[in-house]
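Here's the letter readout for the chains.
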Amino acid sequence: MAISTLHRLASRITKTPSLSLPARAVITRSSVSSAKVADRIVKLFVIDPDGDKREVVGLSGQTLLKALSNQGLIDPASHRLEDIDACSAECEVHIAQEWLEKLPPPSYDEQYVLKRNSRNRVLNKHSRLGCQVVLAPEHQGMVVAVPEPKPWDIP
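Residues numbered from 1 in each chain as written. Predicted model: local features only at pLDDT ≥ 70, side-chain atom pairs only at ≥ 80, totals over all residues. Heavy atoms only, no water.

## Considerations on the overall build of the chain
Selection rule: Helix and strand labels come from DSSP, where a helix needs a run of H or I of at least four residues and a strand needs a run of E of at least two; each type is numbered from the N terminus. Buried residues are those whose accessible area, probed at 1.4 Å on protein chains only, stays under 20% of the maximum for their type, while exposed residues exceed 50% and partly exposed ones sit between those limits. Each accessible area is a Shrake-Rupley estimate made with a 1.4 Å probe; only the visible protein chains count as cover when residues are assessed.
Of the regular secondary structure elements, the chain holds six helices and five strands. Mapped in sequence order, the helices and strands of the chain form the string α-α-α-β-β-α-β-α-α-β-β. Here the chain holds 155 residues, and the buried ones make up 36% of them. With the model as given, the accessible surface of the chain reaches about 9,100 Å², and the carbon-plus-sulfur share is 56%.

Below you can see the structure in the form of structure tokens.
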């Protein structure tokens, strides 16, 4: 009974537009935590900055940033919080066209951060912030490219 109440509450909260994406992700993560871990596994294909294709395993409800940092593809220290206000686009990834349509559209804040950190102030239509993409079972097999660090990001 408690689990069904939690699922109902989580579905109502995630439909609330006033909540930020990270807040919804936390609620979603807590609501799916009762499922078996094997049922939550999402396998992704990642092209690293060297051009090598790697398989990365994440969990539904987890951000793409977390899955990539667990595999060492993005430095977790470069992104202090999974909050867009603290983001400076070090977690930028490029997502294959066919998968972009399966993701919710980027928020205004996400687009602003991506534009602010691009050299030409032009948004690449494949760019997303890994901290804003929450993995779900329908993302199984998603193809993601981790771009090379921008020259101004390298210490």
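## Re the pattern of salt bridges
Rules: Salt bridges are defined by distance alone: a side-chain nitrogen of Lys or Arg within 4 Å of a carboxyl oxygen of Asp or Glu.
Counting across every chain of the model gives two salt bridges. Here Asp-48 and Arg-54 are joined by a salt bridge, their closest N and O atoms 3.9 Å apart. By relative accessible area, Asp-48 is classed as buried at 9%. For Arg-54, a relative accessible area of 33% puts it in the partly exposed group. For Arg-128, the salt bridge identified is with Glu-110, shortest N-O distance 2.8 Å. Taken as a pair, Arg-128 in strand β4 (residues 127-129) and Glu-110 in helix α6 (residues 108-116) lie far apart in primary sequence, 18 residues in all. Accessibility classification places Arg-128 together with Glu-110 in one group, the buried group.

## A closer look at the pairing of strand β2 (residues 53-59)
Note the threshold: Should DSSP find at least two bridges between two strands, the strands are regarded as paired.
The pairing of strand β1 (residues 41-47) with β2 spans seven bridges and is antiparallel. Bridged to Ile-41 within β2 is Leu-59. Joining the antiparallel neighbours β1 and β2 is a turn of five residues, in which Gly-51 adopts a positive phi near 90 degrees.

The values reported here are purely geometric and, on their own, carry no functional implication.
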